[in-house]
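Okay, here's what each chain looks like letter by letter:
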Amino acid sequence: MSPTILPGKSYLSLVLDVPACVHEDVMRWRSHHCSHPGHPLHITVFIAELGERPEESAERFLSEFEDLCLGLGPGRITLTGTGTFRPMSDVVFLSVGDGTEFLHELHNRCLKLLDSASPFLYHPHMTLTQNEGRRTLEAALADFRDFTATFPVTGLDAYIGDDAGWRSLGRVDLR
């Protein structure tokens, strides 16, 4: 269970999709090493609790956020090497190298509109595997240690959801 997603609450999440080549490599690896495929690959930029009128709050946030991002333009990020949140959490991830500042800027613009629901400081990353056995976590750390992929960030995908699941609200283009 996520420490961020609480039962009975609704959330807005802004995420970056990862390119197909990264997705294919990681999902192929997961199919050979993991007990389950895990969540779709993404890089979370922001997550916030929405309150009593989630749909209305989400639409207002997205409209205001799009205005806040005018002129920011597209960015680029590089996923490079592995990291882990162990021993706090059994997560192994791809680290964000170049582009970390860009993602922090997007996150900070979100904070101008809503408080983050995450109990953790923002740390841009892409989860490879989580809640698997020690062997799988160690394999992920080793197998992706030298992995590198650079790609453009042209927009963010917005989702609304709760502990039962998520649905798309659309996309915020960065211009």
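Note: the structure precedes this text.
Residues numbered from 1 in each chain as written. Predicted model: local features only at pLDDT ≥ 70, side-chain atom pairs only at ≥ 80, totals over all residues. Heavy atoms only, no water.

Q: Which residues make up the overall build of the protein chain, and what values go with them?
A: Per the secondary structure count, the protein chain includes four helices and eight strands. For the protein chain, the α and β elements follow one another from N to C terminus as β-α-β-α-β-β-α-β-α-β-β-β. Since a compact globule built from 175 residues should have a radius of gyration of about 16 Å, the 16 Å found for the protein chain is in line with a globular shape. The C-alpha extent of the protein chain, read off along each of the three principal axes, is 45 × 35 × 25 Å. Considering the protein chain as a whole, with its 175 residues, one finds that 42% of them fall into the buried category. In the protein chain, of all internal contacts separated by at least 6 residues, the share reaching a separation of at least 24 is 76%. (Helix = DSSP H or I, 4+ residues; strand = E, 2+ residues; numbered from the N terminus. Rg over C-alpha atoms; globule rule 2.2 N^0.38 Å. Buried < 20%, exposed > 50% of the residue type's maximum accessible area, 1.4 Å probe, protein only. Contact = heavy atoms within 4.5 Å.)

Q: I'd like to hear about the nonpolar core, residue by residue, with values.
A: By size, the foremost hydrophobic cluster in this structure holds 46 residues, and its most contacted members are Leu 14, Ile 43, Phe 65, Leu 103, Leu 106 and Met 126. Beyond its immediate chain neighbours, meaning those up to four positions away, Leu 103 contacts Leu 16, Ile 43, Val 45, Ile 77, Val 96, Tyr 122 and Pro 124. (Core = buried A, V, L, I, M, F, W, Y, C linked by side-chain atoms within 4.5 Å.)

Q: Can you explain the environment of Leu 128? Please cite residues and give values.
A: Tracing the backbone shows Leu 128 in strand β5 (residues 125–130). Considered as a pair, Leu 128 and Pro 40 are 88 residues apart in the sequence and their alpha carbons are 10.0 Å apart. Residues in contact with Leu 128, not counting those within four places in the same chain, are Val 26, Arg 30, Thr 82, Val 92, Phe 93, Leu 94, Ala 140 and Phe 144.

Q: Quick one: what's the story with the side chain of Thr 78, residue by residue and with numbers?
A: With respect to the helices and strands, the residue Thr 78 is situated in strand β3 (residues 75–84). Looking at Thr 78, its side chain comes within polar contact range of the side chain of Thr 150, at 2.8 Å. Sequence-distant contacts of Thr 78, defined by excluding residues within four places in its chain, comprise Ser 95, Val 96, Gly 97, Asp 98, Thr 148, Ala 149 and Thr 150. (Polar contact = N/O pair within 3.5 Å; in protein donor to acceptor, adjacent residues only side chain to side chain.)

Q: I'd love a proper account of helix α1 (residues 20–33), names of residues and values included.
A: Here α1 spans 20 Å end to end across 14 residues, near enough to the 20 Å set by a 1.5 Å rise per residue. Listed in full, the buried residues belonging to α1 are Val 22, Val 26, Trp 29 and Arg 30. The buried side chains of α1 occupy one side of the element, clustering within an arc of 100 degrees when seen end-on. In α1, the exposed positions angled more than 90 degrees off the buried face are occupied by Ala 20, Ser 31 and His 32. Looking at the buried positions of α1, the neighbouring elements they touch are β3, β5, α4 (134–143) and β6 (148–153). (Expected span 1.5 Å × (residues − 1). Arc of directions from axis to C-beta.)

Q: Which residues make up the sheet that holds β6, and what are the values?
A: If you walk across this open sheet you meet the four strands as β5-β4-β3-β6, and the pairing is antiparallel. The open sheet has two edge strands with one neighbour each: β5 and β6. Geometrically, the sheet is characterised by an average inter-axis angle of 30 degrees between neighbouring strands, direction not taken into account. Across the face of the sheet, α1 comes into contact with β3, β5 and β6 while running at roughly 15 degrees to β5. (Pairing = 2+ DSSP bridges. Axes fitted to C-alpha atoms, helices over the stretch in contact; angles between N-to-C directions.)

Q: Any chance you could break down the packing of helix α2 (residues 54–68) against helix α3 (residues 100–111) for me, citing the residues and the numbers?
A: Relative placement of two packed helices is described by the angle separating their axes and the distance separating the axes. The N-to-C vectors of α2 and α3 enclose an angle of 130 degrees; their axes lie 10 Å apart at closest approach. By the angle between their axes, α2 is oblique relative to α3. Both α2 and α3 take part in a crossing whose hand is right-handed. The residues of α3 that touch α2, namely those facing Phe 61, Phe 65 and Leu 68, are Leu 106, Arg 109 and Cys 110. (Parallel < 35°, antiparallel > 145°, perpendicular 65-115°, else oblique. Left-handed = near helix turned anticlockwise from the far one by under 90°.)

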